[in-house]
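# Notes for the structure review
Residue strings, one per chain:
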Amino acid sequence: MLSRRQILGLFASSTLLAYSPAWADDHDVWALDILHDALKSDLARLVDIRRPEEWQDTGVAEGAWPIDMTHPRFGERLFAARDLAAGRPVALICRTGHRSGLVMSKLREAKAAGFVDAVGGMLGASGKSGWIEQGLPTVTREAALAALPSELA
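We now turn to the structure provided with this report. (Residues numbered from 1 in each chain as written. Predicted model: local features only at pLDDT ≥ 70, side-chain atom pairs only at ≥ 80, totals over all residues. Heavy atoms only, no water.)

### Overview of the overall build of the protein chain
As a reminder, the rule being used: A run of H or I in DSSP counts as a helix once it spans at least four residues, and a run of E counts as a strand once it spans at least two, with each numbered from the N terminus. With residues, only the protein chains shown are counted as cover, and all accessible areas are computed by Shrake-Rupley using a 1.4 Å probe.
Each helix and strand counted, the protein chain has seven helices and seven strands in total. The helix and strand sequence of the protein chain, counted from the amino end, reads α-α-β-α-β-α-β-β-α-β-α-β-β-α. Approximately 8200 Å² of the protein chain is accessible, and the part contributed by carbon and sulfur atoms is 57%.

Below is the structure:
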């Protein structure tokens, strides 16, 4: 019979496996609670692809890198974010999941690995609650931009 410590150890190792890059390649749509847990455990990165005025209106998910998808260097910056993630999955979030879904479609077509879609977005859609409705932490646009690595600016 396994001890409590052994059972918890098995659970912890399977949880880490669940967020591995290989798992992300096969499961590229993540629920927000799973994404939040992965972010807290430093097992994923998050990119908010909305426009700056949207970041101002709602704030940005805590720990997210704000990278405006309408910026002329968006693709370059997105792949730089993947490089900075150092093998961790990079989740994409937008307002409702529509734009991040479109970007994910293009990434799938290009066979670009390492990206996942944050289902429900910041505000939720189609019966899915969003980051804000779930009470997940946010920061101001200014704080998110100040924390943006220089390689992504």
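Moving on, there is more to tell.
### Here's the deal with the environment of I34
If you trace the backbone, I34 turns up in helix α3 (residues 32-40). The spacing of I34 and A118 is 84 residues in sequence and 9.4 Å in space, taken between C-alpha atoms.

### What to know about α3
Rules: Accessibility here uses a 1.4 Å probe with only protein chains present; expressed as a share of the type maximum, an area under 20% marks a residue as buried, one over 50% as exposed, and anything in between as partly exposed. Arc definition: it is the arc formed by the directions from the helix axis to the C-beta atoms. Note on contacts: a residue pair is in contact if any heavy atoms of the two residues lie within 4.5 Å.
Every buried residue of α3 is listed here: L32, L35, H36, A38 and L39. The buried residues of α3 occupy an angular sector of 165° when the element is viewed end-on, so they sit on one face. Against the buried residues of α3 lie β1 (29-30), β2 (45-48), β5 (90-93) and β6 (115-118). Directly beyond the C-terminal end of α3, a positive phi value near 60° is found at D42.

### Structural notes on the packing of aromatic side chains
Basically, it comes down to this: Under the pairing criterion, centres of Phe, Tyr and Trp rings, with the six-membered ring standing for Trp, must be within 6.5 Å; the plane angle then separates stacked pairs below 30 degrees from edge-to-face pairs above 60, leaving the rest tilted.
Per the stated rule, a full pass over the model turns up one aromatic pair. The interplanar angle of 85° and the centroid separation of 5.6 Å between the aromatic rings of F79 and F115 together place this pair among those described as edge-to-face. Taken together, the residues F79 in helix α5 (residues 74-84) and F115 in strand β6 connect sequence positions 36 residues apart. Judged by its relative accessible area of 3%, F115 is buried.

### Quick word on the sheet that holds β6
Which entries qualify depends on this criterion: Two strands form a pair only when DSSP identifies at least two bridges running between them.
Strand order in the open sheet made by the five strands is β1-β6-β5-β2-β4, with parallel pairing throughout. Edge positions in the sheet fall to β1 and β4 (65-66), since each of these pairs with one other strand and no more.

### Digging into the side chain of D28
Tracing the backbone through its elements, the reader meets D28 in the loop between α2 (21-26) and β1. Non-local contacts of D28, meaning those with residues more than four positions away in its chain, are made with M104, R108, F115, V116 and D117.

### What about the nonpolar core?
Rules: Among buried residues, the Ala, Val, Leu, Ile, Met, Phe, Trp, Tyr and Cys ones that are joined through side-chain atoms within 4.5 Å form a nonpolar core.
In terms of nonpolar packing, the biggest core is built from 20 residues, with L32, L35, L46, I93 and W131 touching the most fellow members. Breaking this core down by element, the ones donating at least two residues are α3, β3 (60-61), β5 and β6. Ranked by residues supplied to this core, first place goes to α3 with four residues. Filtering out sequence-adjacent residues up to four positions away, L32 remains in contact with I93, A118, V119, G121, S129, G130, W131, Q134 and L136.

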